[in-house]
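# Inside the fold
What follows is the residue order along each chain.
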Amino acid sequence: MIFWGIYMKKAIVINNLWSKYDENWVLKNIYLKIYRGESVGLVGPTGSGKTTLAKHILGLLKPIKGRVIVDGIDVSKTSASKMARIVGYLFQNPSHQIFSETVYDEIAFGLKNFGIKNIDERVRSMAETMGLIDKLEESPFNLSIGERERVAIASILVLDPKILILDEPTIGQDYKNYILLKFLLNRLRERGKTIILISHDMELILEHCDRIIALKNGEKLYDGDIKIFFNNAFLLKNLNLDLPPLLKFSKKYGLNKFVRNIDELIKVLKNEARPIC
Ligand SMILES: Nc1ncnc2c1ncn2[C@@H]1O[C@H](COP(=O)(O)OP(=O)(O)O)[C@@H](O)[C@H]1O
Ligand SMILES: [Mg+2]
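Residues numbered from 1 in each chain as written. Chains lettered and ligands numbered in written order. Predicted model: local features only at pLDDT ≥ 70, side-chain atom pairs only at ≥ 80, totals over all residues. Heavy atoms only, no water.

### Description of the domain arrangement of the chain
Partitioning the chain into domains gives domain 1 (2–242) and domain 2 (244–277). Inter-centroid distance (C-alpha atoms) of domain 1 to domain 2 is 31 Å. Interface area, domain 1 with domain 2, both sides summed: about 880 Å², of which 61% is carbon and sulfur. Where domain 1 packs against domain 2, one counts two salt bridges. Between Arg260 and Asp210 there is a salt bridge, with the nearest N and O atoms lying 3.8 Å from each other. Counting every contact that joins domain 1 to domain 2 gives three residue pairs in polar contact (both at pLDDT 80 or more). For the side of domain 1 that touches domain 2, the secondary structure elements donating two or more residues are helix H8 (202–208) and helix H9 (226–231). Broken down by element, the side of domain 1 that touches domain 2 gets its largest block of residues, five residues, from H8. Considering only residue class, the side of domain 1 that touches domain 2 consists of five nonpolar, one polar and six charged. (Domains from an automatic or database assignment. Buried area = accessible area lost by both parts, 1.4 Å probe. Salt bridge = Lys/Arg side-chain N within 4 Å of Asp/Glu carboxyl O. Polar contact = N/O pair within 3.5 Å; in protein donor to acceptor, adjacent residues only side chain to side chain. Helix = DSSP H or I, 4+ residues; strand = E, 2+ residues; numbered from the N terminus. Nonpolar A, V, L, I, M, F, W, Y, C, P; charged D, E, K, R; others polar.)

Structure representation (structure tokens):
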């Protein structure tokens, strides 16, 4: 019990994780700790191992070597269905995770599986938040791609998991869904959820993450503060990542403050503006 106590404030602890699908190592010697309530951006080139790392946290893959502890539980000794109650995972292509005949059944699926009470109330309230209340009796496959993706997000959030992994959530999204996603991320952070945001969208990462973990060729290249990350031009180049437009702008105009979103930028501009004499 004392051993598990060490992990209690940490949502995720990974020690010496090694993973491969066939011959080649896809994750090498990964050590990391993510604390409860942290919002972490997981970045890196395509094929660097981000989705594989997510699958280890979910218990969908078992380590060849090393340990993955999530919410105090050793993932390799726990069923994937038990892990799904703790970690919500929004797939890279969310339409692929829809199976039910109606939107209602899709959102209710996990609740029924886990024997959770107040199913009807929870489904309707989540559908309301996601703008799907008029679609509950429809087949998800008759909806637009944007609506279908909202169904996939609703079916995860309705389970109220402690940890959320969003794997490239903005790819192929329309503007309405993008704004909704940002709103949801803010709400989830306010509610103290632990979030891992996997994305190439540096604007989204800048606005919603405090810390960055960067992978390249299965190795951890960076793990730390977001401001230091975006100040390291060499590292960004090595990861083939670009500065978000907001930081390009503030750099170009020599602003002294690190800004995370448009509101912060406007504040800084107002403060730094000098009257022309
Ligand atoms: N199911 C699989 N079978 C074999 N190789 C895989 C499989 N999934 C991913 N890979 C390989 O593992 C490496 C890491 O993939 P992945 O974790 O999906 O990277 P990322 O999410 O960063 O793009 C890539 O070289 C990829 O081709
Ligand atoms: Mg991926």
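From this point on, the discussion continues.
### Details of the site of ligand 1
As a structural note, the neighbourhood of ligand 1 is formed by Tyr21, Val26, Pro45, Thr46, Gly47, Ser48, Gly49, Lys50, Thr51 and Thr52. Measuring from an oxygen atom of ligand 1, one finds a backbone N or O atom of Ser48 at 3.2 Å. Counting residues per element, the shell around ligand 1 draws most heavily on helix H2 (residues 50–58), which supplies three residues. Tallied by class, residues from the shell around ligand 1 come to three nonpolar, six polar and one charged. (Near = heavy atom within 4 Å.)

### Some thoughts on the environment of Asn231
You can see Asn231 is positioned in helix H9. You can call Asn231 exposed: its relative accessible area is 60%. (Buried < 20%, exposed > 50% of the residue type's maximum accessible area, 1.4 Å probe, protein only.)

### Here we look at the pattern of salt bridges
Two side chains that carry opposite charge are able to pair once their charged atoms sit near each other. Within the structure shown, the criterion is met by 17 salt bridges. The partner of Arg36 in a salt bridge is Asp71, with the nearest N and O atoms 3.0 Å apart. One end of the pair, Arg36, is in the loop between strand S2 (25–35) and strand S3 (39–43); the other, Asp71, is in the loop between strand S4 (65–70) and strand S5 (73–74), and 35 residues separate them in sequence. On the basis of relative accessibility, which here comes to 42%, the residue Arg36 falls in the partly exposed class. Exposure remark for Asp71: the relative accessible area of 13% places this residue in the buried category. Close ionic contact of Asp223 with Arg211 constitutes a salt bridge, the shortest N to O distance being 2.9 Å. In this pair, Asp223 sits in strand S10 (residues 219–225) while Arg211 sits in strand S9 (residues 211–216), placing the two residues twelve residues apart along the sequence.

### Quick word on the packing of helix H4 (residues 103–113) against helix H6 (residues 145–157)
Running from amino to carboxyl end, H4 crosses H6 at an angle of 30°, the nearest separation of the two axes being 7 Å. With respect to H6, the element H4 is oriented roughly parallel. Helix-helix and strand crossings are classified by hand; for H4 and H6 the assignment is right-handed. Residue-level contacts link Val103, Glu106 and Ile107 of H4 to Val151, Ala154 and Ser155 of H6. Per-class residue counts for the contact of H4 with H6 are four nonpolar, one polar and one charged. (Axes fitted to C-alpha atoms, helices over the stretch in contact; angles between N-to-C directions. Parallel < 35°, antiparallel > 145°, perpendicular 65-115°, else oblique. Left-handed = near helix turned anticlockwise from the far one by under 90°. Contact = heavy atoms within 4.5 Å.)

### Observations regarding the packing of aromatic side chains
As enumerated under the stated definition, the model contains five aromatic pairs in all. When the ring of Tyr89 is compared with that of Phe91, the centres are 4.9 Å apart and the planes differ by 50°; the resulting orientation is tilted. When the ring of Phe229 is compared with that of Phe230, the centres are 5.2 Å apart and the planes differ by 75°; the resulting orientation is edge-to-face. Summarising the burial analysis for this pair, Phe229 and Phe230 share the class buried. An aromatic cluster is present here, built from Tyr222, Phe229 and Phe230 joined pairwise through their rings. Note that Lys20 overlies the ring of Trp25, its terminal NZ or CZ placed 4.5 Å from the centroid. Directly above the ring of Trp18 sits Lys65, whose terminal nitrogen or CZ lies 4.9 Å from the centroid. (Phe/Tyr/Trp six-rings, centres within 6.5 Å; stacked < 30°, edge-to-face > 60°. Lys NZ or Arg CZ within 6 Å of the ring centre and 35° of its normal.)

### A few points about the nonpolar core
In terms of nonpolar packing, the biggest core is built from 56 residues, with Val43, Ile107, Met130, Ile205, Phe229 and Phe230 touching the most fellow members. In terms of domain composition, this core takes at least three residues from each of domain 1 (2–242) and domain 2 (244–277). Leave out the neighbours within four places in its chain, and Ile205 touches Gly41, Val43, Leu197, Ser199, Ile212 and Ile226. (Core = buried A, V, L, I, M, F, W, Y, C linked by side-chain atoms within 4.5 Å.)

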